[in-house]
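Remarks on the overall topology
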Amino acid sequence: MGERIWTAALVVIGDEILSGRTQDKNIAQIAQWLNVQGIRLVEVRVVPDVESAIVEAVNALRARNDYLFTTGGIGPTHDDITVDAIAAALGVGVSHHPAAVAVLERYYATRGGATEARLRMARVPDGAGLIENKMSGAPGIRIENVFIMAGVPHITAGMLDALTGTLEGGRPVVSKQIGCWVAESEVADLLRQTEKAHAGVAIGSYPFFREGRTGANFVVRSPDEAAVDACIADLTAALEAAGHQVAAGGI
């Protein structure tokens, strides 16, 4: 018997992906994140914002994989139907999750208030738990082996961050970070090259705007601590060579 391989599937939900208006960036991001956890992404399906299509894809893929991720369709508008569709797939009702309501009320307190539309983002299939989202308030949702994530890639990244190291069957992941007062776009190539040079290592980039300045933290992850340290050292050297001051441990 070889080592059991844990598998995951992804359902990408959204008319805008199928029409070509939006290019999906989540497939690569989720595949790489799973890879670092030691879980293999084995199939991806792209479906429209149609309940029957979502139900069919979710039920087929969750049955034959250890995990199923979905991205898209969990915003505040009436055509964001993912939560209802997944509840239908699982045969459960939908209700407002009290912790999600509290998160949204806090988040929107200074942003015009938690309107009824915004509180739609607190609706979850009955029995679900939440996935923390530090970026935009509205949490992701976890129910059984299904993980319901945002469609916006940098918000998905934050949700994946919250899940790092928590999936059964995954390897424990070591993560370390550095920070820099630099626009993410300025160092995108440098990040890509460094990541390519270090097999089995993922670099996550988390831009922010603080004190009137643009910066980013770079999180390096791998199951292998020595590989993380080597990548951090190379990335630090490359950023410094490009004239950027690097903050060990992040900003």
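Scroll up for the structure.
In short, a report on the structure. Model, not experiment: these values are computed from the prediction. (Residues numbered from 1 in each chain as written. Predicted model: local features only at pLDDT ≥ 70, side-chain atom pairs only at ≥ 80, totals over all residues. Heavy atoms only, no water.)

1. Some remarks on the pattern of salt bridges
Opposite charge on two side chains makes pairing possible when the charged atoms of those side chains draw close. Within the structure shown, the criterion is met by nine salt bridges. Notably, a salt bridge pairs Glu56 with Arg45, separated by 3.2 Å at the nearest N-O pair. Of the two residues, Glu56 sits in helix 3 (residues 51-63) while Arg45 sits in strand 2 (residues 40-47), which places them eleven residues apart along the sequence. A salt bridge links Arg123 to Asp84; the nearest nitrogen and oxygen atoms lie 2.8 Å apart. In this pair, Arg123 is assigned in strand 5 (residues 123-125) and Asp84 in helix 4 (residues 82-90), connecting sequence segments 39 residues apart. The class for Asp84 is partly exposed, based on a relative accessible area of 24%. (Salt bridge = Lys/Arg side-chain N within 4 Å of Asp/Glu carboxyl O. Helix = DSSP H or I, 4+ residues; strand = E, 2+ residues; numbered from the N terminus. Buried < 20%, exposed > 50% of the residue type's maximum accessible area, 1.4 Å probe, protein only.)

2. Regarding helix 7 (residues 153-163)
Turning to helix 7, its buried residues number three or more, namely Ile155, Thr156, Ala157, Gly158, Met159, Leu160 and Leu163. Two residues or fewer past helix 7, Gly165 is found with a positive phi of approximately 80°.

3. Comments concerning the sheet that holds strand 7 (residues 140-143)
Where strands meet in a sheet, backbone hydrogen bonds hold them as pairs that are either parallel or antiparallel. Taken in spatial order, the six strands of this open sheet run 2-1-3-8-7-6, and their pairing is mixed. Each edge of the open sheet is held by one strand with a lone partner, namely strand 2 and strand 6 (129-131). The sheet shows a mean angle of 20° between the axes of neighbouring strands, taken without regard to direction. As paired elements, strand 7 and strand 8 (residues 146-149) share three bridges and run antiparallel to each other. What sits directly across from Ile143, in strand 8, is Val146. (Pairing = 2+ DSSP bridges. Axes fitted to C-alpha atoms, helices over the stretch in contact; angles between N-to-C directions.)

4. Let's talk about helix 9 (residues 225-241)
Here helix 9 spans 24 Å end to end across 17 residues, near enough to the 24 Å set by a 1.5 Å rise per residue. Among the residues making up helix 9, those that are buried are Ala227, Val228, Cys231, Ile232, Leu235, Thr236 and Leu239. Looking down the long axis of helix 9, one finds its buried residues gathered within 165° of arc, a one-sided arrangement. Opposite the buried face of helix 9, at more than 90 degrees from it, the exposed residues are Ala226 and Ala241. For helix 9, the elements touching its buried residues are strand 9 (174-180), helix 8 (188-197), strand 10 (202-210), strand 11 (213-222) and strand 12 (246-248). The opening residue of helix 9 is Asp224, an N-cap whose side-chain oxygen sits 3.0 Å from the backbone nitrogen of Ala226. With its phi angle positive at about 90°, Gly243 sits one or two positions after the end of helix 9. (Expected span 1.5 Å × (residues − 1). Arc of directions from axis to C-beta. Contact = heavy atoms within 4.5 Å. Polar contact = N/O pair within 3.5 Å; in protein donor to acceptor, adjacent residues only side chain to side chain.)

5. Let's talk about the side chain of Asn145
Counting through the fold element by element, Asn145 comes out in the loop between strand 7 and strand 8. On the basis of relative accessibility, which here comes to 17%, the residue Asn145 falls in the buried class. Ignoring anything within four residues of it in the chain, the contact list for Asn145 reads Arg62, Asn65, Asp66, Tyr67 and Leu68.

6. Re the packing of helix 8 against helix 9
The interhelical angle for the contact between helix 8 and helix 9, taken along N-to-C directions, is 150°, at an axis separation of 10 Å. Taken together, the axes of helix 8 and helix 9 are roughly antiparallel relative to one another. Where helix 8 crosses over helix 9, the handedness of that crossing is right-handed. Residues Leu190, Leu191 and Thr194 of helix 8 form the contact with helix 9, whose own contacting residues are Cys231, Asp234, Leu235, Ala238 and Leu239. (Parallel < 35°, antiparallel > 145°, perpendicular 65-115°, else oblique. Left-handed = near helix turned anticlockwise from the far one by under 90°.)

7. Observations regarding the layout of surface pockets
Rolled over the atoms, a probe as big as a water molecule pinpoints where empty space is left. Counted as a void, the largest pocket has a volume near 750 Å³. For the largest pocket, the lining is made up of 25 residues, of which Gln29, Gln32, Ile203, Gly204 and Ser205 are closest to its centre. Where the lining of the largest pocket is concerned, the elements lending two or more residues are helix 2 (26-37), helix 7, helix 8 and strand 10. Here the residues of the lining of the largest pocket sort into 13 nonpolar, six polar and six charged. Empty space within the second largest pocket amounts to approximately 320 Å³. Lining the second largest pocket are 13 residues, with Lys134, Met135, Gly158, Asp161 and Tyr206 positioned closest to its centre. (1 Å grid on protein atoms, 1.4 Å probe; cavity = no way out; pocket = protein on both sides within 12 Å on 5 of 7 lines; lining within 4 Å. Points joined across faces, edges and corners; volume = space filled by probe spheres on them. Nonpolar A, V, L, I, M, F, W, Y, C, P; charged D, E, K, R; others polar.)

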